[in-house]
Structures are given as C-alpha cells and as structure tokens.
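Spelled out, the chains give:
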Amino acid sequence: PPAEALLDQTRRNETAAQESFDVESWSSVNFASSHLYVAIVVCSVSPLLYGFSLCFTSPAQNSMVEGSVKGWDPQVLPPSGLTTLTAAQFTVYAALLNLGALVGAFAGSSLMDRIGRRKALGASAALHAAGWVAGGLATGPALLLPSRALLGVAVGMGSSVSLCYLGEIATPRLRSSLGLVNQLSLTAGMLLANVAGNYSCLAVEAGQ
C-alpha cells in the first residue's frame, strides 16, 4: 500500500541521514582543523616561558651578583643602573620562582573554573609580561625580588591551565602526542634562555 511504501522511504531517508551524520561527526572528532593547530601553538608559549624563566638565572648570575664567582669571567659587568645582589639575595631571587609557582598553580586551577581556560591563559600571559617588564626596570632587590615572585605565579598558572586546555581541545588522534608538545616547549625555553645568556656574555666580552 502507498502508506507502507511512504513509511519505508522515510525510514531509508532517516538511516541515510544518520550514517551521514556519523561520518561527519567522526571526521570532526578525529581530524584536527587549522584552528586547533593555531590554538596548540599559542598554548605552547606558556611552557616555553616556563622553561625560559626557570633557566634565566643560570646565565644571568655572573652579571647580577656582586664580586666574581669562582671559574667565571669577572669582566662581565652588570647592566647599567643595576645594584648587584649579594650571593644570599640571589639565592632567594632564584627560589622565588618556585614559591610563586606553588601559589600560581592553585590560583590557576581556581581561576580557570571561574573564567574559562583561555581567559586564564591570557591572565597568566599578562602576569608574565608584567614580571619581565618589572624585572627589566628594576635597579635593585626591592623590585627584582617581587618581579621574580610574580613570574613564578605566572609560571604556576600557565602550567596548570595549559595542560588542562590542551587535553580538552585535542582530538583522540592528537591527545597522546600533546604531552610531547608541552615538554618540547619547556625544553626549548630552557635552551633559549641559556643560548641568549651565553650570547649576551660573549657580546659583553667583545665590547659590543
């Protein structure tokens, strides 16, 4: 009868539509778009800054601590206008990053639940910028130490938020490899800090 034929046709149309939807859904879930790759690259800046901030003190120590360090070139001078730190002050300066990161990790976990992952990453980037600008303008421990602590808070926030964000936006095919992206960015930041520091020292020794 015409009614049964119409019902069969409707069922076939529904089945075809469901199969088409399943294919499109599987494709969107398993294959990353260009927007996803851009988000991954932007998010990887956070662990890059973490590695750079962590290793910054290694090449900078010789130009920030008063007096020469055994085995180091005493001709490397501090930046103009900077009052050098004592060895004890520099130890505190280096450790403040870790203390600030402890605070930032808890703050980042709470903040990303309130305002979202992307805004929390933006907040950590703003703290990074403020910390580096304050450190660059510092002329002594009074501003150097707080700026280092602020960098620590930014590092802690970025670390907690970036890993969570990467895990949530990743497709199943990319999820297992994004942990590598985070570690590579961290290592690249550490390498960049040491390369930039060594180049600066060589430039000072050459009188540039």
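Keep in mind it's a predicted model, so treat the numbers as computed, not measured.

Draft legend 1. View of the state of the cysteines. Summed over all chains, the structure comprises 0 disulfides. The thiol of Cys43 is not disulfide-bonded; the next cysteine sulfur, from Cys164, is found 9.8 Å away. What makes Cys43 buried here is its relative accessible area of 3%. On the accessibility criterion, Cys164 (22% relative accessible area) is partly exposed.

Draft legend 2. Representation of helix α5 (residues 87–115). With 29 residues, α5 should cover 42 Å at 1.5 Å per step; its first-to-last C-alpha distance of 41 Å lies within 8% of that length. At Ala95, α5 is bent by approximately 30°, the largest bend along its length. When we look at burial in α5, the residues that qualify are Phe90, Tyr93, Leu96, Leu97, Gly100, Ala101, Gly104, Gly108 and Met112. Contact partners of the buried residues in α5: α3 (45–55), α4 (57–64), α6 (117–137) and α7 (141–169). One or two positions beyond α5, positive phi appears at Gly116, with a value near 100°.

Draft legend 3. Summary view of the nonpolar core. Formed by 13 residues in total, the largest nonpolar core has its most connected members in Ile40, Cys43, Leu121, Val161, Tyr165, Leu166 and Leu178. Those elements that provide at least two residues to this core are α2 (34–43), α6 and α7. Ranked by residue count, the leading element in this core is α2, at 4 residues. Not counting residues up to four positions away in its chain, the partners in contact with Ile40 are Leu166, Ile169, Leu174, Leu178 and Val181. Ala60, Leu85, Ala138 and Leu144 belong to the second-largest nonpolar core, a separate cluster that totals 8 residues.

Draft legend 4. Focus on the confidence of the model for the protein chain. When pLDDT is averaged across the protein chain, the result is 77; 72% of the residues are at 70 or more. When mean pLDDT is taken per element in the protein chain, α6 scores highest with 91 and helix α1 (residues 2–30) scores lowest with 52. Per-residue pLDDT stays below 50 along residues 19–31; that stretch engages in 8 contacts with residues further than four places along the chain or on separate chains. Low confidence marks residues 68–72, where pLDDT is under 50. Its contacts with residues over four positions away, or in another chain, come to 5 contacts.

Draft legend 5. Local environment of the side chain of His128. Within the secondary structure layout, His128 lies in helix α6. In this view, His128 contacts Leu49, Ser53, Leu151, Ala154 and Val155; residues no more than four positions away in its chain are not counted.

Draft legend 6. Just the pattern of salt bridges, in detail. Applying the stated criterion to the full structure yields 2 salt bridges. The shortest N-O distance in the salt bridge between Asp113 and Arg117 comes to 3.3 Å. Exposure remark for Asp113: the relative accessible area of 57% places this residue in the exposed category. As a salt-bridge pair, Glu168 and Arg117 come within 2.8 Å of each other at their nearest N and O atoms. Highlighted residues: Glu168 in helix α7 and Arg117 in helix α6, separated in sequence by 51 residues. Taken together, the shared-partner salt bridges connect Asp113, Arg117 and Glu168 into one network.

Reading the values: the criteria
Residues numbered from 1 in each chain as written. Predicted model: local features only at pLDDT ≥ 70, side-chain atom pairs only at ≥ 80, totals over all residues. Heavy atoms only, no water. Disulfide = S-S within 2.5 Å. Buried < 20%, exposed > 50% of the residue type's maximum accessible area, 1.4 Å probe, protein only. Helix = DSSP H or I, 4+ residues; strand = E, 2+ residues; numbered from the N terminus. Expected span 1.5 Å × (residues − 1). Bend = angle between axes of the 7 residues up to and from the residue. Contact = heavy atoms within 4.5 Å. Core = buried A, V, L, I, M, F, W, Y, C linked by side-chain atoms within 4.5 Å. pLDDT = per-residue confidence, 0-100. Salt bridge = Lys/Arg side-chain N within 4 Å of Asp/Glu carboxyl O.

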